[in-house]
Amino acid sequence: MILSIQHPGAFCRKILFLTSALVLLYLPARSQKYEFNPVCRQAWDAVMMFRFNEAGNLLRQEKILNPDNLIPVYIENYIDFLILFTGEDLSYFNQHRDLMKKRIDLLSKGMESSPYYRFCLADLNIQWAFARLKFREYATAGLELKRANELLKENHARYPAFMPDRLGLGIMNVLAGIIPDNYKWLASMAGLGGNIEQGAAHIQRIIDYQGGDPFICSLKSPACIVAALINVNLRNNPDCAMAVIAKFDTDPDLRLYAQSPLVIYAKANIYLKTGHNARALAVLSHRGNESDYRLSFLDFQAGTARLNNLDPGAAGSFRKFLAGFRGTNYIKSSWQKIAWASLLAGDTASYRKYIRQALSQGSLEVDEDKQAAGEASSGLMPCVPLLKARLLFDGGYYQRALQTLLNNSLTQYIRNKSDLAEYYYRLGRIYQSLQQSQRALTNFRLAVKNGQGLPQYYAAGAALQMGIIHEQQHEYASADSSYRLCLSMDYKEYKTSLGQKARAGLNRVKKHLR
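None of the values given here were measured: they were computed from a predicted structure.

A. Fine view of the overall build of the protein chain. For the protein chain, the helix and strand inventory stands at 29 helices and zero strands. If you line up the protein chain on its principal axes, its C-alpha atoms span 120 × 55 × 40 Å. Relative to its full complement of 514 residues, the protein chain shows a buried share of 55%. Roughly 23500 Å² of accessible area belongs to the protein chain as shown, and the carbon and sulfur atoms make up 55% of that amount. Charged side chains in the protein chain number 62 positive and 44 negative. The centres of these two groups are separated by 3 Å.

And the structure:
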């Protein structure tokens, strides 16, 4: 049978259409790429300086010029993470939470053969998990950490030389080492493993990087911030923490970010926790105003530094924090410190007025707020000499703190067993910082004796510091016993942070006890 072609023009058009469709069907889709080009680098630099509007404009420009580049998606998410993690604004969280799925969908279109494919997906999950933890979405955060952990492990197995993975892997290892017992289910759900030392080693690899890859260089700044906080809070290595933040003044890859609000926060945090109060005041007083998003917690830090020097004017900084912060953490603590400033000025009526705010304002998620609420509900005003000694010690003014305690007769200001436990704890901390270890241990033992069974943290804090001293003296069995004593105690104040530090101590000394 011979087929007749009645409309050759139409037939040709059909053949052309079908051929074109088949060609399009079998052509590979336009590949999505991960290009940290100069525009993206400019956007990243603006993000680190909290100039989010400038960064957003640059990223929109990059999307128009290079619509296949997925790095802008990654950087956009980092902006949202910083706003949520530092500002804790619930309304912003609710408005932007749907963006995660959209960005995950976009990143999932990338080339699976690229190490950046799993890295970007893992980092987005980590960022949203940490944001969700701020808003108590623990189950979802656990699932996101699990996904991130699986992606990072697979990526590291495929591309062991891929440096960017080190930051996420380090964070995962650190989390595994500090999660308290009541959150072990979260670690199990996320499949977390490793410890603080392994995590710190991963992160240090990025810090020490001296190559020319611009993306790895961009990660050095967050890596330094994380490493400094790990060293001072969990590794009991303040010298290392100080060395890390000093890199922002010496490392060519980091000097650009010296005035970043995040870097200023990290520096102030390290200075405040290592007794360098004057340096904390200096870095907080001379911060620039180039950002278009205010990191309100810097005002809280400024108030803390001023209060450590017994400056009643510190109340102004805490009020500034309360006016600008949109979250619920550190609200009770701020009111407590405003009340303390009144007490230092001799205004007991204002102290009572402001401490009552710690009962009705804010939340009870962080240890500082729990302690403030405990003081408010007790109805007992702090003992002024003990309060002064505490603040002066926190500021590194050790001799002034010591004289405050020793120049007053105990009978003049010790009102109960809690005051006596605090007295010995404060003396122990001061002698410890003055390198008088035996005197410190003597007073810590008295703090444990007088403070066990009380809701205050003095006995547990003393046990923790005893462990640190024994560890420094290579008396690892005694250190182990002291850390376990800290963990065994029943008290209410600073239980989470003291427990984390005691568990970290146990992890450090166990390798010496095998």
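From this point, the narrative continues.
B. Structural detail: the nonpolar core. Counting 101 residues, the largest nonpolar core has Trp44, Val47, Phe52, Tyr74, Ile75, Leu82 and Phe119 as its most contacted members. Aside from chain neighbours lying at most four places away, what touches Tyr74 is Trp44, Phe119, Cys120, Asp123, Leu124, Gln127, Phe215 and Leu219. Core analysis: the second largest hydrophobic core is formed by 44 residues, Ile430, Val448, Tyr458 and Cys486 among them.

C. Up close: the packing of aromatic side chains. Counted under the stated rule, the structure contains 35 aromatic pairs. Between Phe50 and Phe52, the aromatic rings sit 5.1 Å apart at their centres with planes inclined by 35 degrees, giving tilted as the arrangement. Each of the two residues, Phe50 as well as Phe52, counts as buried. Ring pairs connect the aromatic residues Tyr34, Phe36, Tyr74, Tyr116, Phe119, Phe162 and Phe215, which therefore count as one cluster. Its guanidinium or amino end placed over the ring of Phe85, Lys134 lies 4.6 Å from that ring's centre, counting from NZ or CZ. Positioned above the aromatic ring of Tyr491 is the side chain of Lys495, whose terminal nitrogen or guanidinium carbon lies 4.4 Å from the ring centre.

D. Spotlight on empty space enclosed by the protein. Applying the stated criterion across every chain, the model contains one cavity of 30 Å³ or more. Reported here for the largest cavity is a volume of approximately 40 Å³. What lines the largest cavity is simply Gly451, Gln452, Gly453, Leu454, Gln456, Ala459, Ala460, Met489, Asp490 and Tyr491. Partitioned by chemical class, the residues of the lining of the largest cavity number five nonpolar, four polar and one charged.

The rules behind these values
- Residues numbered from 1 in each chain as written.
- Predicted model: local features only at pLDDT ≥ 70, side-chain atom pairs only at ≥ 80, totals over all residues.
- Heavy atoms only, no water.
- Helix = DSSP H or I, 4+ residues; strand = E, 2+ residues; numbered from the N terminus.
- Buried < 20%, exposed > 50% of the residue type's maximum accessible area, 1.4 Å probe, protein only.
- Areas by Shrake-Rupley, 256 points an atom, 1.4 Å probe, with all protein chains shown as cover.
- Lys, Arg positive; Asp, Glu negative; His and termini not counted.
- Charge placed at Lys NZ, Arg CZ, Asp CG, Glu CD.
- Core = buried A, V, L, I, M, F, W, Y, C linked by side-chain atoms within 4.5 Å.
- Contact = heavy atoms within 4.5 Å.
- Phe/Tyr/Trp six-rings, centres within 6.5 Å; stacked < 30°, edge-to-face > 60°.
- Lys NZ or Arg CZ within 6 Å of the ring centre and 35° of its normal.
- 1 Å grid on protein atoms, 1.4 Å probe; cavity = no way out; pocket = protein on both sides within 12 Å on 5 of 7 lines; lining within 4 Å.
- Points joined across faces, edges and corners; volume = space filled by probe spheres on them.
- Nonpolar A, V, L, I, M, F, W, Y, C, P; charged D, E, K, R; others polar.

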